[in-house]
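Next come the chains, spelled out residue by residue.
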Amino acid sequence: MTEPAKPDSRFAAKVFPSPNHGERKGRDGAPGRRPDMLVLHYTGMPDAGEALQWLCNPIAQVSAHYFVFENGHTLQLVPEGRRAWHAGTSHWAGETDINSCSIGIEIANPGHPGGLPDFPEEQIATTLNLCRDICERWSVPPERVLAHSDIAPGRKIDPGEKFPWQRFAEGGVGLWSEPAPIRGGRYFARGDAGQPVEALQAMFAMLGYGVAVDGIYDEKLEAVVAAFQRHWRPEKVDGVADSSTITTLRDLLAATQSARTA
Ligand SMILES: [Zn+2]
């Protein structure tokens, strides 16, 4: 008789196994990459139970390490040492096999298709505890606590602009800088080109976004700007690089630098 598996985090009530995982691989393909990134998702389905079943269905070929219900009840679907299949085609800070380097959490919420309801307090409190625990045990740096939309802009918009990133940062999880107020002034948008756009792209790339530095403000850059806003300037998500967005990005890069040298 085997012991029932115990969750890796004390904030998960129990293991509810998904078969959808594999071996973590390093950049050179060698096994055993340690996770040093945390990626947050919403399920985007009306019913949490159905979302959970889907993440555990071998046909789905998707999963996450943890699943957090609206009431905060939390299950572990995949062991942290294994490579869960939550990121899909993604990019951050030069890496494309995000599943190999990250831990993924699915937060039950109907998402944008369901009108983006608020995340209930019990759910947020538990998710924050879980995230803090993971970041401490794996030494995840603040600038590597990310939204699915950050690593797959243009393809994903979860966990959405209502996710309380500021509260998480105040609770020791992730990076935050007070967003600069939205005012008029110069801005860049789709169709623009040239050196200022290139400089903007370089800043996004420095933060970690997978963005070409070619001086062209196209649909892809617009998606990156929207992803950035969704996470760090949630008041207005429009893909336009206004002065508030650019200032917030600059402040955040400064905060990242000081976090790295701290
Ligand atoms: Zn997602």
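Small disclaimer: the values here were computed from a predicted structure and weren't measured.

Each value, and the rule that gives it
Residues numbered from 1 in each chain as written. Predicted model: local features only at pLDDT ≥ 70, side-chain atom pairs only at ≥ 80, totals over all residues. Heavy atoms only, no water. Salt bridge = Lys/Arg side-chain N within 4 Å of Asp/Glu carboxyl O. Helix = DSSP H or I, 4+ residues; strand = E, 2+ residues; numbered from the N terminus. Buried < 20%, exposed > 50% of the residue type's maximum accessible area, 1.4 Å probe, protein only. Donors = N, O, S within 2.8 Å, 3.2 Å for Na, K, Ca; no water.

## Some points on the pattern of salt bridges
Right, on to step 1. The tally for this structure, following the rule as stated, stands at 15 salt bridges.
Right, on to step 2. Note that Glu 161 and Arg 230 form a salt bridge whose closest N and O atoms lie 2.8 Å from each other. Here Glu 161 is found in the loop between helix H4 (148–151) and helix H5 (165–170), whereas its partner Arg 230 is found in helix H7 (residues 219–232), with 69 residues between them in sequence.
Right, on to step 3. Owing to a relative accessible area of 24%, Glu 161 belongs among the partly exposed residues under this scheme.
Right, on to step 4. Taking relative accessible area as the criterion, Arg 230 reaches 12% and is therefore assigned buried.
Right, on to step 5. Arg 190 is the salt-bridge partner of Glu 222, the closest N and O atoms lying 2.7 Å from each other. With Glu 222 in helix H7 and Arg 190 in the loop between H5 and helix H6 (195–207), this pair connects stretches of sequence that are 32 residues apart.
Right, on to step 6. Overall, the relative accessible area of 22% leaves Glu 222 in the partly exposed class.
Right, on to step 7. With a relative accessible area of 47%, Arg 190 lands in the partly exposed category.
Right, on to step 8. Each of the salt bridges in this network shares a partner with another, and the network as a whole consists of Arg 27, Arg 33, Asp 36, Glu 95 and Arg 144.

## Section: the coordination of the zinc ion
Right, on to step 1. Only His 41 (ND1), His 148 (ND1) and Asp 158 (OD) from the protein coordinate the zinc ion, and they sit 2.1 to 2.2 Å from it.
Right, on to step 2. Mapping the donors of the zinc ion onto the primary sequence yields the spacing H-x106-H-x9-D. Here Asp 158 lies in the loop between H4 and H5 and His 41 lies in strand S3 (residues 37–42), a separation of 117 residues in the sequence. Neither residue differs from the other here; His 41 and Asp 158 are each classed as buried.

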